[in-house]
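Examination of the molecular architecture
So the chains spell out like this:
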Amino acid sequence: MSSIRAKATLFAVLEIVVTVVTVVVIAVFSLTSYGNYVSNLVLELLCETGTRELNGYFDSVEQSVATVSGYATSDLDQTDLSDMGAHLERVAELFEKVAYNTHGVLTYYYRTDPTVTSEPGFWFVYTERYGFIPHTPTDITAYDLDDQNSLVWFTVPRATGSAVWLAPYVTDNLDVYVLSYNVPIYKGNTFVGVIGIEIDYSTLAKSVDNLTLAQHGYAFVSDAEGRLVYHPHIDVPSLPEGKKPKVPEGLDTGDTHTSYTYHGVEKQAVWASLDNGMRLVVSVPVAEINRGWQLL
């Protein structure tokens, strides 16, 4: 009798153990799956927020340049190239109004092709005290206009014939790191010049620095080829051209949700394309973003 009771007790205990183990395994699996889902969702939402903010910034610059370039093209249709001075004055008057209503503009300009007109165009630079003030335009005649490695804000749109966002560069005479958006201007089939806006690199940096998660999470920006444009822990502007570091291996794939290891730390990241062709990456150490559900 006691043997039967012992067997029954043992069987009951085994059932309880199996049940508990099953529940624990299911719970751990569920927590792991849910935790990973939440981690990815948080990163995705943060990246989406940053993308929306930066795209809004870039789109406003594009819209401002499009407004001025559209007016300039229309005005040129009714203007003889011998009367470029009056044309430039009309465009400058509109550009000033547009620039004051566009966030982060450092300079705006309308530079003409010296083979078309002797009028050099204009270049205005923003100052905290006086607002936009005119500066002496760079002497374009001193450059080889067929060389797209120099005077890029002029030579690149001139060569491509289309609007373009340029990678960051040090702007002429100001020694300031900037990004620029430029549109070539034509009268019929004749290239007349370039209208563009330069924005201060520091404005981009401040926006990206606001995208933080956990203690050691951060965001950074790369170009379409994977070279760093801005990183909170790397002084990218101080590095010579051709020496800009690339994003860590694992971030150069087509998968927008990815894991990678940087300096021995396993990280989780989400990236999204920006309207100017760059990429915004939001990254956080796996140990930090998973700490909450792992404690559970």
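Notes on the structure follow. Remember, it's a predicted structure, so these values are computed and weren't measured experimentally.

Structural notes on the side chain of S222
Position of S222 among the secondary structure elements: in strand β7 (residues 218-222). You can call S222 buried: its relative accessible area is 2%. Contact partners of S222, with chain neighbours within four places excluded, come to R227, L228, V229, V247, M278 and R279.

Details of the nonpolar core
Core analysis: the biggest nonpolar cluster contains 60 residues, and Y110, F122, I195, L204 and L280 have the highest contact counts within it. Ranked by residue count, the leading element in this core is helix α1 (residues 2-77), at eleven residues. The contact partners of L204, leaving out residues within four places of it in the chain, are L54, F58, L179, V221, V229 and Y230. The next biggest cluster of nonpolar side chains, apart from the first, holds 16 residues, and it includes L151, Y169, F191 and V194.

Quick look at helix α4 (residues 201-209)
Among all positions in α4, only Y201, T203, L204, A205, S207 and V208 are buried. The backbone nitrogen of S202 has a side-chain oxygen 3.0 Å away, supplied by the residue at the start of α4, namely D200.

A look at the sheet that holds strand β3 (residues 131-134)
Across the sheet, six strands lie side by side as β3-β2-β1-β6-β5-β4; this open sheet has antiparallel pairing. Of all strands in the sheet, those bounded by a partner on one side alone are β3 and β4 (164-170). Averaged over all adjacent pairs, the angle separating strand axes in this sheet is 25°, with direction ignored. Summarising the sheet, β4 and strand β5 (residues 177-187) pair through five bridges and their orientation is antiparallel. Bridge pairing in β5 links W165 to Y181. Packed onto the sheet, helix α2 (residues 84-100) meets β1 (105-112), β2 (121-127), β3 and β6 (190-200) and runs at close to 165° relative to β1.

Focus on the sheet that holds strand β11 (residues 279-285)
In spatial order, the strands read β8-β7-β11-β10-β9; together these five strands make up an open sheet with antiparallel pairing. Each of the sheet's edge strands pairs with one partner strand only, and the pair in question is β8 (228-230) and β9 (257-262). With direction set aside, neighbouring strand axes in the sheet form an average angle of 40°. Pairing geometry for β7 and β11, over five bridges, is antiparallel.

Considering unusual backbone geometry
In this structure, L151 takes a positive phi of about 50° despite not being glycine. Looking at the element boundaries, L151 is found in the loop between β3 and α3 (152-160). With relative accessibility at 7%, the residue L151 sits in the buried group. A positive phi angle, close to 55°, is found at H263, a residue other than glycine. The residue H263 is located in the loop between β9 and β10 (265-273) in this model. H263 sits in the exposed class, given a relative accessible area of 69%.

Focus: the packing of aromatic side chains
Across all of its chains, the model carries 19 aromatic pairs by this definition. When the ring of Y109 is compared with that of W153, the centres are 5.2 Å apart and the planes differ by 55°; the resulting orientation is tilted. One end of the pair, Y109, is in strand β1; the other, W153, is in helix α3, with 44 residues separating them in the sequence. Take Y109: its relative accessible area is 2%, and that puts it in the buried class. Ring centres 6.2 Å apart and planes at 45° place the aromatic pair Y218 and F220 in the tilted group. Residue classification places Y218 among the buried positions, given a relative accessible area of 7%. In this structure F220 comes out as buried when scored by relative accessible area, which is 1%. Over the ring of W271 we find R279, and its NZ or CZ is 3.5 Å from the ring centre.

Definitions and limits used
- Residues numbered from 1 in each chain as written.
- Predicted model: local features only at pLDDT ≥ 70, side-chain atom pairs only at ≥ 80, totals over all residues.
- Heavy atoms only, no water.
- Helix = DSSP H or I, 4+ residues; strand = E, 2+ residues; numbered from the N terminus.
- Buried < 20%, exposed > 50% of the residue type's maximum accessible area, 1.4 Å probe, protein only.
- Contact = heavy atoms within 4.5 Å.
- Core = buried A, V, L, I, M, F, W, Y, C linked by side-chain atoms within 4.5 Å.
- Polar contact = N/O pair within 3.5 Å; in protein donor to acceptor, adjacent residues only side chain to side chain.
- Pairing = 2+ DSSP bridges.
- Axes fitted to C-alpha atoms, helices over the stretch in contact; angles between N-to-C directions.
- Phe/Tyr/Trp six-rings, centres within 6.5 Å; stacked < 30°, edge-to-face > 60°.
- Lys NZ or Arg CZ within 6 Å of the ring centre and 35° of its normal.

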